[in-house]
Amino acid sequence: MEKLKMAVQYGADAVYLAGKQFGLRTASDNFTLDEMREGVAYAHAHGKKAYLTMNILAHNDSIEQVEPFVLEAAETGIDGVIVSDPGIFRIIRKVRPDLPIHISTQTSTTNWETVAFWHELGAKRIVLARELSLREIREIRERVPNVELEMFVHGAMCISYSGRCLLSNYMAGRDANQGDCAHPCRWRYRLVEEKRPGQYYPIEEDSTGTFIFNSKDLCLLPHLPDLIQSGVSSLKIEGRVKSSFYVATVVKAYREALDAWYAGNWQDVQSWLEEVGTVSNRDFTTGFLFGKPGPESHNYATSSYIRRYDFIGLVTGFDKASGRLVVEQRNHFRTGETIEVLPPKGPVVSLTLGEMYDAEGNRIEAAPHPQMKVYLAGVPPFPEYSILRRRA
């Protein structure tokens, strides 16, 4: 719920959320029906939309549960459903034909005929495969002008074609197509010949295939003008089990960049790139946007994240009686530290922490306990959901 609220507060026009069934993120703290109702209401209250993800590839033992689940979920007020399974698509069209359906990137929609196929069946929006170039996207828009097109612009890249991977199932018994990927593409690998145990050989890549799996993260922020002019309707940020800090920071950077372009004020993107670089990432790549990715799109040495900042606190309010900012601790911090505050709108502010107090009004030197309430004196009244961060 917190991540949904952060996305809304920091500038997203819509959020995708999953229920306890049929979503591709079993590692996430997914929504109960009551939580879904609350989240949808929150999004709508702020003029945003909330879409339900039902994008697993269903087996017989789960397909019969689709109808009752979607009927209950639809009553929460969701604005649409994203699917990849034609069977789930068919059931939704039968029981709730009024409910807009988005086609997931996992259907590998890579050409205009497939876009037209789904549109003719009643799909409102197609999330294009990540394996498309800018030239191909433009052609799809020209050929099928009356359907919404969505594409990923930021986040982790799956090494498998459109995310359809069996590696996790084979190596860990966890099915990626059921939302339970163990991410073996991020593991470390060495090659050994059976008669030469202990002798490890380098693994290389050539034109016949990829033998190192660890892709860099997608970042298309510098190319937003090209994407807007290509006719894409919606830009999607991948939030695969990410933190609230990640959601807020990345959403805000893209929101500001988009608003600047539409206002005729597109500028040097370096400041926005620096912002998205403050959250954990694996360096950046443009993916397939300008052609097939080469070796520069992979991290060969390590699968570790680059982490430049720590998320140390979240503003929850301002105590007018004492004139103190109320913060929920997320990481240890103490007086005298220089930190940065990232508000939902406006520039990042640097400040040095002065007097701090606990919930009982006692003066403290440090905030060591997870999620403890801390009252900061002498600090501007930053809005709720502002993030406190510190260089790592």
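Scoring rules and cut-offs
- Residues numbered from 1 in each chain as written.
- Predicted model: local features only at pLDDT ≥ 70, side-chain atom pairs only at ≥ 80, totals over all residues.
- Heavy atoms only, no water.
- Helix = DSSP H or I, 4+ residues; strand = E, 2+ residues; numbered from the N terminus.
- Buried < 20%, exposed > 50% of the residue type's maximum accessible area, 1.4 Å probe, protein only.
- Polar contact = N/O pair within 3.5 Å; in protein donor to acceptor, adjacent residues only side chain to side chain.
- Contact = heavy atoms within 4.5 Å.
- Core = buried A, V, L, I, M, F, W, Y, C linked by side-chain atoms within 4.5 Å.
- 1 Å grid on protein atoms, 1.4 Å probe; cavity = no way out; pocket = protein on both sides within 12 Å on 5 of 7 lines; lining within 4 Å.
- Points joined across faces, edges and corners; volume = space filled by probe spheres on them.
- Expected span 1.5 Å × (residues − 1).
- Phe/Tyr/Trp six-rings, centres within 6.5 Å; stacked < 30°, edge-to-face > 60°.
- Lys NZ or Arg CZ within 6 Å of the ring centre and 35° of its normal.

### Some remarks on the side chain of Ser-386
- Note that Ser-386 resides in the loop between strand 20 (373-376) and strand 21 (387-391).
- Overall, Ser-386 belongs to the buried group, its relative accessible area being 0%.
- Polar contacts involving the side chain of Ser-386 include one to the main-chain carbonyl oxygen of Pro-383, which spans 2.8 Å.
- Every residue in contact with Ser-386, bar those within four places of it in the chain, is listed here: Tyr-10, Gly-313, Leu-314, Val-315, Val-341, Leu-342, Pro-343 and Pro-344.

### Observations regarding the nonpolar core
- In this structure, Leu-52, Met-54, Val-83, Ile-92, Ile-126, Leu-221 and Ile-387 are the most contacted members of the largest nonpolar core, which totals 83 residues.
- With 11 residues, helix 10 (residues 244-262) is the single largest residue contributor to this core.
- For Ile-387, the contacting residues outside a window of four places in its chain are Met-6, Tyr-10, Ser-244, Phe-245, Ala-248, Phe-311, Gly-313, Leu-314, Glu-340, Val-341 and Leu-342.

### Some points on empty space enclosed by the protein
- A complete count under the given rule lists one cavity of 30 Å³ or more for this structure.
- Volume-wise, the largest cavity comes out at about 110 Å³.
- Lining of the largest cavity is provided by 13 residues; of these, Arg-130, Leu-132, Met-151, Phe-152 and Leu-220 occupy positions nearest its centre.

### Structural notes on helix 10
- The end-to-end C-alpha separation of helix 10 is 27 Å, in line with the 27 Å expected for 19 residues at 1.5 Å each.
- Here helix 10 lies mainly inside the structure; 14 of its 19 residues are buried.
- Downstream of helix 10 by a residue or two, Gly-264 has a phi angle that is positive, lying close to 70°.

### What to know about the packing of aromatic side chains
- Counted according to the given criterion, the structure contains six aromatic pairs.
- Look at Phe-117 and Trp-118: their rings are 5.4 Å apart centre to centre, the planes differ by 75°, and that puts the pair in the edge-to-face class.
- On the basis of an interplanar angle of 90° and a centroid distance of 5.1 Å, the ring pair of Trp-261 and Tyr-262 is categorised as edge-to-face.
- The exposure class assigned to Trp-261 is partly exposed, which follows from its relative accessible area of 24%.
- By relative accessible area, which is 59% here, Tyr-262 ends up exposed.
- The ring of Tyr-246 carries the charged tip of Lys-242 above its face, separated from the ring centre by 4.9 Å.
- Directly above the ring of Tyr-309 sits Arg-389, whose terminal nitrogen or CZ lies 4.7 Å from the centroid.

Nothing here speaks to function; it is all geometry.
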